[in-house]
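Here are the chains, one letter per residue:
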Amino acid sequence: MPLTATTAAPPVNRVGLDRTAMIAVVVCWLFVVFDGYDLIVYGNVIPSLQKEWGISAATAGTLGSLAFLGMMIGAVLAGRLSDVVGRKRAVIGCAIVLSVFTALCALATGPVMFGAVRLIAGLGLGGLVPTSNALAAELIPAKWRAAVATMMMSGVPIGGSIAALIGIPVIPNWGWQPMFAFALLPLILLVPIAWKTLPDHTAAVTSTEVRPATGFNALLGTRFRSVSIMFALATVVTLLAWYGLGTWLPELMQGEGTDLGSALTFALALNLGAVAGSFVTAWGGVRFGTIPTSIVAALLAGLALLTLLTGPPVALVYVIFVLAGVGTHGTQCLIIAAVASYYPDYLRGTALGWALGVGRIGAVAAPQIGGLLLAAGLGADSNFILFGVSALVAALLLAVIWRRFPSPT
């Protein structure tokens, strides 16, 4: 049926990026950096929370899962909302929710209050990535969409690296609370810039355009149902590996006998590897295709993590975590790029929200399962097996997508 008239942005230049579009893409990338900081910061403070509140590894895992539960809900709702009210409003709304409620974590007096606030922050956290990526995808030439979508996601490990770098001096000297208080900075600095620079762009370009069915009815209809489910499943296992490592790595390495500072350097290696992986997989996606490159990246991560079971020397452990960062985060970047390119403009936000929202099941499960394995006395190796096998399953699912569902675009 005819679309309701909306205030539309100027037509996007599909040949090259104009200055306005470039600024908007950079702002979206900065939001993804903020998202990455918030994702990783909890893993850096787990040892401090356990010490201060006397909570078990299983309880710490539950607290971590609450944010991912909020992310699962937020991704699905915000992705669909961005197709209705516009990308700009959805991006800024998610950023405000994330910033305010993450900062409130610093005021938590116990695990119940912390978990409740973290759950609400997760709504914004989950919505920010699909809405930012959907907006950026509509501002760039089609031939560069996969590369830019992949490089956009470099913001996640860069934010995680910032969290690890800040945590090394801040947590031992001033405690865990300042790590969450830093979340006010994007609210103060980035949201006003976004309000001025992001285009009031929606998928509704004209008031007379006629579209086919939209929303989840279209996404799970005859044409897209099978591939939508496969993308979601691949995201589930990929996020289980990536966020499981992001949540538990400092604690796992402390359990292996390293101090907090050294444990955080392993987290830094993981995130720096993920940063590198964003750019390496962007090149690979353009050169060889997003899905074939994602299969290789997932295999790399799975095999690297399982190599930890052999008890390698410390220097090799750092290399393994770099490779795990390249593979796990790189795979997720490529999945997002594939989804952004696979679906038509009017369905892109919903599709990204669906893949990332359902995929958050893996992110929700990762902290909980990891904590239960540790609480059962199974040690760090049990977690590395879990995350490594998850990456290998991701490679298998992506191989099925590659063979059975060639992109129509």
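Predicted model, so just to flag it, every value in this text is computed and none were measured.

### Quick notes on the environment of W354
Part 1 of the reasoning: Here W354 shows up in helix α14 (residues 345–375).
Part 2 of the reasoning: Each C-alpha atom of the pair W354 and I229 lies 9.1 Å from the other, and the pair is 125 residues apart in sequence.

### With respect to the packing of helix α3 (residues 87–104) against helix α4 (residues 111–137)
Part 1 of the reasoning: The geometry of α3 relative to α4 is characterised by a closest axis approach of 7 Å and an angle of 150° between their N-to-C directions. Between α3 and α4, the crossing angle belongs to the class labelled roughly antiparallel. Judged by the sense of rotation from one axis to the other, the crossing of α3 with α4 is left-handed. Here α3 contributes R87, K88, A90, V91, C94, A95, V97, L98, F101, T102 and L104 to the contact with α4, which in turn contributes V117, R118, I120, A121, G124, L125, G127, L128, T131, S132, A134 and L135.
Part 2 of the reasoning: Class assignment of the residues belonging to the contact of α3 with α4 gives a composition of 15 nonpolar, five polar and three charged.

### A closer look at the packing of helix α1 (residues 19–53) against α3
Part 1 of the reasoning: Contact geometry for α1 and α3: axes closest at 11 Å, N-to-C directions at 30°. The angle between α1 and α3 falls in the class roughly parallel. When you trace α1 past α3, the crossing you get is left-handed. Here F31, F34, D35 and D38 of α1 lie close against α3, whose contacting residues are V91, A95, L98, S99 and T102.

### Structural notes on the packing of aromatic side chains
Part 1 of the reasoning: A complete count under the given rule lists 11 aromatic pairs for this structure.
Part 2 of the reasoning: Ring centres 6.3 Å apart and planes at 70° place the aromatic pair F224 and Y342 in the edge-to-face group. You can see F224 sitting in the loop between α9 (215–219) and α10 (225–255) and its partner Y342 sitting in helix α13 (residues 314–342), a full 118 residues away along the chain.
Part 3 of the reasoning: An aromatic cluster of three or more residues is present, and its members are Y42, W53, F114, W176 and F180.
Part 4 of the reasoning: Sitting above the plane of the W195 ring, K88 keeps its charged end 4.6 Å from the centroid.

### Examining the nonpolar core
Part 1 of the reasoning: The biggest cluster of nonpolar side chains holds 122 residues, and the ones touching the most others in it are F31, F114, F231, F321, Y343 and F384.
Part 2 of the reasoning: Among the domains, domain 1 (16–202) and domain 2 (213–408) are the pair contributing at least three residues each to this core.
Part 3 of the reasoning: Discounting chain neighbours no more than four positions away, the residues touching F31 are V91, A95, L128, S132, L190, V191 and A194.

### Thoughts on the side chain of S294
Part 1 of the reasoning: Assignment of secondary structure puts S294 in helix α12 (residues 290–307).
Part 2 of the reasoning: The exposure class of S294 is buried, given its relative accessible area of 0%.

### Overview of the pattern of salt bridges
Part 1 of the reasoning: Going through the model one piece at a time under the given rule, you end up with one salt bridge.
Part 2 of the reasoning: Between R118 and D38 there is a salt bridge; the shortest N-O distance is 2.8 Å. Residue R118 is located in helix α4, and its partner D38 is located in helix α1; the two are separated by 80 residues in the primary sequence.
Part 3 of the reasoning: By relative accessible area, which is 3% here, R118 ends up buried.
Part 4 of the reasoning: On the basis of relative accessible area, D38 is assigned to the buried category, the value being 0%.

Calculation notes
- Residues numbered from 1 in each chain as written.
- Predicted model: local features only at pLDDT ≥ 70, side-chain atom pairs only at ≥ 80, totals over all residues.
- Heavy atoms only, no water.
- Helix = DSSP H or I, 4+ residues; strand = E, 2+ residues; numbered from the N terminus.
- Axes fitted to C-alpha atoms, helices over the stretch in contact; angles between N-to-C directions.
- Parallel < 35°, antiparallel > 145°, perpendicular 65-115°, else oblique.
- Left-handed = near helix turned anticlockwise from the far one by under 90°.
- Contact = heavy atoms within 4.5 Å.
- Nonpolar A, V, L, I, M, F, W, Y, C, P; charged D, E, K, R; others polar.
- Phe/Tyr/Trp six-rings, centres within 6.5 Å; stacked < 30°, edge-to-face > 60°.
- Lys NZ or Arg CZ within 6 Å of the ring centre and 35° of its normal.
- Core = buried A, V, L, I, M, F, W, Y, C linked by side-chain atoms within 4.5 Å.
- Buried < 20%, exposed > 50% of the residue type's maximum accessible area, 1.4 Å probe, protein only.
- Domains from an automatic or database assignment.
- Salt bridge = Lys/Arg side-chain N within 4 Å of Asp/Glu carboxyl O.

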